[in-house]
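Coordinate inspection notes
Letter by letter, the chains look like this.
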Amino acid sequence: MMRKKSVSASKASLVLFLCQMISALEVPLDSKLLEELSQPPTITQQSPKDYIVDPRENIVIQCEAKGKPPPSFSWTRNGTHFDIDKDAQVTMKPNSGTLVINIMNGGKAEAYEGVYQCTARNERGAAISNNIVIRPSRSPLWTKEKLEPNQVREGDSLVLHCRPPVGLPPPIIFWMDNAFQRLPQSERVSQGLNGDLYFSNVQPEDTREDYICYARFNHTQTIQQKQPISVKVFSMDSLNDTIAANLSDTDIYGAKPVTERQPVLLTPTGSTSTKVELRGNVLLLECIAAGLPTPVIRWIKEGGELPANRTFFENFKKTLKIIDVSEADSGNYKCIARNILGSAHHVISVTVKAAPYWITAPRNLVLSPGEDGTLICRANGNPKPNISWLANGVPIAIAPEDPSRKVDGDTIIFSHVQERSSAVYQCNASNEYGYLLANAFVNVLAEPPRILTSANKLYQVISDSPALLDCAYFGSPKPEIEWFKGVKGSILRGNEYIFHDNGTLEIPVAQKDSTGTYTCVARNELGKIQNEVQLEVKDPTMIIKQPEYKVVQRYGQVSFECIIKHDSTLLPTVIWLKDNDELPDDERFLVGKDNLTIMNVTDRDDGTYTCIVNTTLDSVSASAVLTVVAAPPTPAIIYARPNPPFDLELTGQLERSVELSWIPGDENNSPITNFVIEYEDGLHEPGVWHYQTEVPGTQTTVQLKLSPYVNYSFRVIAVNEIGRSQPSEPSEQYLTKSASPDENPSNVQGIGSEPDNLVITWESLKGFQSNGPGLQYKVSWRQKDVDDEWTSVIVANVSKYIVSGTPTFVPYEIKVQALNDLGYAPEPSEVIGHSGEDLPMVAPGNVQVHVVNSTLAKVHWDPVPLKTVRGHLQGYKVYYWKVQSLSRRSRRHVEKKILTFRGNKTFGMLPGLEPYSSYKLNVRVVNGKGEGPASPDKVFKTPEGVPSSPSFLKITNPTLDSLTLEWGSPTHPNGVLTSYILKFQPINNTHELGPLVEIRIPANESSLILKNLNYSTRYKFYFNAQTSVGSGSQITEEAVTIMDEAGILRPAVGAGKAMASRQVDIATQGWFIGLMCAVALLILILLIVCFIRRNKGGKYPVKEKEDAHADPEIQPMKEDDGTFGEYSDAEDHKPLKKGSRTPSDRTVKKEDSDDSLVDYGEGVNGQFNEDGSFIGQYSGKKEKEPAEGNESSEAPSPVNAMNSFV
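This structure is a prediction, so every number in the text was calculated from the model and none was measured.

Conventions used here
- Residues numbered from 1 in each chain as written.
- Predicted model: local features only at pLDDT ≥ 70, side-chain atom pairs only at ≥ 80, totals over all residues.
- Heavy atoms only, no water.
- Helix = DSSP H or I, 4+ residues; strand = E, 2+ residues; numbered from the N terminus.
- Buried < 20%, exposed > 50% of the residue type's maximum accessible area, 1.4 Å probe, protein only.
- Contact = heavy atoms within 4.5 Å.
- Areas by Shrake-Rupley, 256 points an atom, 1.4 Å probe, with all protein chains shown as cover.
- 1 Å grid on protein atoms, 1.4 Å probe; cavity = no way out; pocket = protein on both sides within 12 Å on 5 of 7 lines; lining within 4 Å.
- Points joined across faces, edges and corners; volume = space filled by probe spheres on them.
- Nonpolar A, V, L, I, M, F, W, Y, C, P; charged D, E, K, R; others polar.
- Pairing = 2+ DSSP bridges.
- Axes fitted to C-alpha atoms, helices over the stretch in contact; angles between N-to-C directions.
- Core = buried A, V, L, I, M, F, W, Y, C linked by side-chain atoms within 4.5 Å.
- Disulfide = S-S within 2.5 Å.
- Patch = residues over 30% accessible without salt bridge, like charges linked within 9 Å, V, L, I, M, F, W, Y side chains within 5 Å.
- Salt bridge = Lys/Arg side-chain N within 4 Å of Asp/Glu carboxyl O.
- Phe/Tyr/Trp six-rings, centres within 6.5 Å; stacked < 30°, edge-to-face > 60°.
- Lys NZ or Arg CZ within 6 Å of the ring centre and 35° of its normal.
- Polar contact = N/O pair within 3.5 Å; in protein donor to acceptor, adjacent residues only side chain to side chain.

1. Thoughts on the overall build of the protein
When helices and strands are counted, the protein shows nine helices and 85 strands. Out of the 1206 residues in the protein, the part that is buried amounts to 41%. Put simply, 66% of the contacts in the protein that link residues at least 6 apart link residues at least 24 apart. By element, 51% of the accessible surface of the protein is carried by carbon and sulfur atoms, the whole surface being about 64900 Å².

Below you can see the structure in the form of structure tokens.
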């Protein structure tokens, strides 16, 4: 008897405990409310647990937290207090706990190795970060060794060992040759997981002296090179020739030919081995075999199948890769190497262990004074993790006593809490493979009621539809909500109202007399507050005269009516559709106020016409069919729809079938093509007819399949080319027997609408699908990948169920099963859903901008941890905007641009930038809920570019020997103008170009007078501007010097005479004759000199003259002409110049080029130190400048090619 009482008491206490746990407060996401409420600290951002840093850069250890009041921060190092004020190299960011350790100004990264932990504290508690282990990366030099040449017989196996230096983190290994080309790999030759190069059998083409192993250390951005390894393969033919040359003809000689061999495993050795991998990691198993012919590798799992969708084969099937391993992947994996001579195998026993992972992480708890609550911390792992609790960062066993707190293993139970019970609790779950640390606060609040819904908010609904009046509230203890109609009305009660837990008042069927003022009152023991809202109920919109079925002859006219009635305060809009699409753009369609008229009807106008009436609150529609027929050949023949069938009869009644027969009506000169059978369910949907089936027009009986628990009536409609007949009279009724459901709801989904819920929805069964009375649904769910039992509830005939109190964005297995009074439907299939998403918690870090050229930049960022995305990762958004132009120093309206990069990309290109400008950008992560916080603004500047062409070029004031040039500065200088370049040359009467003259003009000039020109001569001018980058595009003009200044002032006839007179005078002048003689003598002397030089082997520089006098318009485009000048083609590489400078820090900075290293240097040894490390830096390539340019070109680094292989 006593035992029964104790069991009953424990059950009652459990029910009370669950009720108390559910009653914990939820704080609405109202920004103003959140700013006013006190809150213990919460860690929002922290560095990773294992933090490997670059020893050459400042160390930044992140620790960000929020709370009210704002928290203060402190640090421990190796378990003791870290006093940052005593270390001049360490600073803490303002309003943050993030530490910055200055390494670039004299500090040593090795001195700051250790375990760091951050504490964020305010008056309501203290939150702590993970233990952050700081280790500087290391890239040691390759150990010097003397490598003997490898001499091997053709067909034998060979292993070239790499043995890279041990670094932190481990290096990436790859093999290349002296020409910096990656060595080809195949089923015969491949690189193992340990970096060694394996040959299943060697061939003569494997002979070479430059097998070189490289190790790339990502953190320090350096690449180390092993000494080249030599391999000499002796073929049987060459060996026999050597033996024959040293033996007499009578001697027996000859080496054995290449013999085929069955497979032998090179790695792993032996017949069995073991491997331990952690849950969630990638499992890599490798088998490499020797043999001739080359063996083929096959993998199997003993006693099971390789996991589908997670298994991949790499390295020519020599490597088995299984992603996201779990305990179920433990077992024996066998690799089999086979060729035509036999096989070899090896069994690898795999054991999957697990670092701790959450089943239920503790969640923040907001309670009122005197309430109860719990913090639950459940984790799993292999081995099972140990759970320990801390309070405000102190082990709970030595923390200050709290009488309201009781620790029970993985649960802390709070009873009758007070405001002093507020604290931050830490749960630590650990085993030999790692640990989990979670902060969860208990915040005890005493707050009077607050109503968050706007005052006098207006709600408008249509009569006979539901009305939802909001009253969002908050208070601690949780306020009670009451509703009144009118200022002095009585409290609302009764079945005509529904009162929701969130304070919303629902009027299921609002009537005109529901219009009025409603008052919401919230009260608790600390106070009372009220708010008023307004409700207006409108008359529904109705179509009082609907469009009707029409039959019209081709080329006739037809009109559809649509007369409406609506609430006088609502403005309706009427839209006509044809076959659920817009009306054709044709002037034959005339839309009036109450009708649609179609003129000159054609066959294409045949279809369904719909009138849709929309208001801001409702929408109604009505449709009618238009049938277009040909004009009858003679008035005697009338085509019409058939008459309805009659005399319907049901025979052969069974539980799931019945036979229906009928007699066709008159077909009215158009043969009946088919009969449509419809049914009515008098039990579930009386008066509603549904499509059942259809049969050819020659058939008058049909066997119909039936569903249980339906009261059937049938009718038949005849169809011909003109249209459908009126329905027949209904058949007699037939009620089928009840049965359990045959099917389950379809389209089951689980999508959270809030961060802490899971909304399970489905498409309900139709009335006849219920198969019997009492249709309900059994909704079941459980968290995926967690050893948890199914949670099930049985709900009424609805289509949605909300699971509250779920963790944010975790997968759930869901199933929905139908049942009725006679039993359950078959077991439903499971679907995967997710609880609600929340906005991402953190911004992308380490945002870096690399300016590619004056109009293009590349932005990099670190991906945010997937756990902080808290939803489906959709991508990243880069916001960037121009701050100001550096040339004009004038700010303008900031127009932000947004680029979206889908998926988990960590870089992107920013095109279309303006040269010589200052920009800012930030990066945000995006999930299904929205955007996360923005990263700190990053400032970058674009370099100068080439200017645009001068805005204009005018040539004025022509004289006998001079022209005046005026010009305008470029519209887009794209930098600081250094000068203008003017080129000009004469053009003779046959349009041949004369010598080209070039003049450089200071940038501050805007006009120029050219003197000493030839009279009556046409000149062509080429004019452009220059910045320090190069010349911009040019503008051209032509002008003519005048023939005679006096001729301008004389009449046209006189001018002609003056020109003629001047020509005669010149030809008869002695000075002109003497000048011609002097020119002829000069030409003769030049010819003699050229002849002498040619006989001595010299070359006349004709090409230089052609280049000097070439037309600038057909010159090759230079890099600085402003057209894609900042890009370089992948094939346009230039060798390193002798004597080019390289940095001595032995570091290599990473770029994004995939070029071969052979394009960058004159020899292999010229690019490495003795220790094998690169001495060049990563750099972009620049095209060679034209011969006329003044700028030097810097040789590119070879390291870009290295990155394309790893």
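Text resumes after the structure shown.
2. Quick notes on the environment of Ala446
Assignment of secondary structure puts Ala446 in the loop between β37 (434–444) and β38 (447–451). Classification of Ala446 by relative accessible area gives partly exposed; the value is 29%. Here the alpha-carbon distance between Ala446 and Pro369, two residues 77 residues apart in the chain, equals 6.6 Å. Excluding anything up to four places from it in sequence, Ala446 contacts Pro369, Glu419, Ser476 and Leu526.

3. With respect to empty space enclosed by the protein
Scanning the entire structure with this criterion turns up two cavities of 30 Å³ or more. If you go around the second largest cavity, the residues you meet are Ser137, Arg138, Leu168, Pro169, Pro170, Phe217, Asn218, His219 and Thr220. Looking at the lining of the second largest cavity residue by residue, the classes come out as four nonpolar, four polar and one charged.

4. Things to note about the sheet that holds strand β57 (residues 646–651)
Backbone-to-backbone hydrogen bonds join strands into a sheet, with any given pair of strands oriented parallel or antiparallel. Across the sheet, three strands lie side by side as β57-β58-β61; this open sheet has antiparallel pairing. Either end of the sheet is taken by a strand with one partner, and the two such strands are β57 and β61 (701–705). Taken pair by pair, the neighbouring strands of this sheet meet at an average axis angle of 25 degrees, ignoring direction. Examined bridge by bridge, β57 and strand β58 (residues 657–663) share four bridges and lie antiparallel to one another. The residue bridging Leu650 from the neighbouring strand is Leu660, located in β58.

5. Description of the sheet that holds strand β44 (residues 505–507)
Pairing within the open sheet is antiparallel, and its three strands lie in the order β40-β44-β43. Edge positions in the sheet fall to β40 (467–469) and β43 (498–499), since each has one partner strand and no second. The pairing of β40 with β44 spans three bridges and is classified as antiparallel. Its bridge partner being in β44, Ala467 is matched across the sheet by Ile507.

6. A few points about the pairing of strand β55 (residues 607–614)
Across six bridges, strand β51 (residues 573–578) lies against β55 in antiparallel orientation. When the bridges of β55 are listed, Leu577 appears paired with Thr610. In sequence, β55 turns back onto strand β56 (residues 619–629) through a hairpin of four residues.

7. What to know about the nonpolar core
Within the largest apolar cluster, 29 residues are counted, with the highest numbers of intra-cluster contacts made by Ile59, Ile61, Trp75, Ile101 and Tyr116. Taken together, the elements giving at least two residues each to this core come down to β3 (59–61), β4 (63–68), β5 (72–77), β8 (99–101), β9 (114–122) and β11 (132–136). In this structure, Ile101 is in contact with Asn58, Ile59, Ile61, Gln89, Val90, Tyr112 and Tyr116, ignoring residues within four places of it in sequence.

8. Details of the state of the cysteines
Tallied over the full model, the rule gives six disulfides. The disulfide bridge from Cys287 ends at Cys335, spanning 1.9 Å between sulfur atoms. Here the S-S torsion is close to -70 degrees, and the disulfide linking Cys287 with Cys335 is therefore left-handed. Remark: Cys335 occurs in strand β27 (residues 331–339) and Cys287 occurs in the loop between β22 (283–286) and β23 (288–292); sequence separation between them is 48 residues. Since its relative accessible area comes to 0%, Cys287 is described here as buried. Judged by its relative accessible area of 0%, Cys335 falls in the buried class.

9. A word on the pairing of strand β36 (residues 423–431)
Burial analysis of β36 places eight of its nine residues in the buried class, which makes it a mostly covered element. Inspection of the sheet shows strand β32 (residues 386–391) paired to β36 by six bridges, in the antiparallel sense. The partner of Asn386 across the bridge, within β36, is Ser430. Pairing of β36 with β37 involves nine bridges; the strand directions are antiparallel. Looking at the pairing, Asn428 lines up with Leu437 of β37. Hairpin connection, β36 to β37: the antiparallel pair is bridged by two residues.

10. Notes on unusual backbone geometry
Along the chain, Lys68 connects to Pro69 via a cis peptide bond; the corresponding omega equals 0 degrees. Tracing the chain through its elements places Pro69 in the loop between β4 and β5. The peptide bond linking Asn382 to Pro383 adopts the cis configuration, its omega dihedral lying at 10 degrees. Of note, Asn392 is a non-glycine position whose phi angle comes to about 55 degrees, a positive value. Within the fold, Asn392 resides in the loop between β32 and β33 (394–395).

11. A closer look at the environment of Met1043
Relative to the elements of secondary structure, Met1043 occurs in the loop between β85 (1035–1040) and α5 (1045–1049). Take Met1043: its relative accessible area is 26%, and that puts it in the partly exposed class. Along the sequence, Met1043 and Asp961 sit 82 residues apart, while their C-alpha atoms lie 9.3 Å from each other.

12. Some remarks on a nonpolar patch on the surface
The grouping of Leu1081, Leu1084, Ile1085, Ile1088, Val1089, Phe1091 and Ile1092 at the surface amounts to a nonpolar patch, some 670 Å² of accessible area in total. Take Val1089: its relative accessible area is 41%, and that puts it in the partly exposed class.

13. Here we look at the packing of aromatic side chains
Within a pair of aromatic rings, the relevant descriptors are the distance that separates the centres and the angle that separates the planes. Considering all chains together, one arrives at 20 aromatic pairs under this definition. Between Trp662 and Phe675 the ring centres are 5.4 Å apart and the planes differ by 65 degrees, which places this aromatic pair in the edge-to-face class. Within this pair, whereas Trp662 is found in strand β58, its partner Phe675 is found in strand β59 (residues 674–681), the two being separated by 13 residues in sequence. One cation-aromatic arrangement involves Arg77 over Phe82; the distance from NZ or CZ to the ring centre is 5.9 Å. One Lys or Arg, Arg208, reaches over the ring of Tyr211 and ends 5.8 Å from the middle of that ring.

14. Points about the pattern of salt bridges
Overall, the coordinates contain 36 salt bridges when judged by the stated rule. Between Asp54 and Arg56 there is a salt bridge, and its shortest N-O distance comes to 3.0 Å. The salt bridge involving Asp539 is made with Lys512; its shortest N-O contact spans 3.7 Å. With Asp539 in the loop between β46 (527–538) and β47 (542–545) and Lys512 in the loop between β44 and β45 (516–524), this pair connects stretches of sequence that are 27 residues apart. In this structure Lys512 comes out as partly exposed when scored by relative accessible area, which is 42%. Residues participating in the shared-partner salt-bridge network are Asp177, Arg208 and Asp210.

15. Overview of the side chain of Asn771
One can find Asn771 in the loop between β65 (757–763) and β66 (776–783). A polar contact of 3.0 Å, which involves the side chain of Asn771, links it to the side chain of Asp742. Residues within four places of Asn771 in sequence aside, it is in contact with Arg656, Ser707, Pro708, Tyr709, Ser738, Ala739, Ser740, Pro741, Asp742 and Asn820.

16. A short note on the environment of Leu458
Mapped onto the fold, Leu458 is located in strand β39 (residues 457–462). Between the alpha carbons of Leu458 and Glu532 there is a distance of 9.6 Å; along the sequence they are 74 residues apart. The residues contacting Leu458, other than those within four sequence positions of it, are Gln534 and Glu536.

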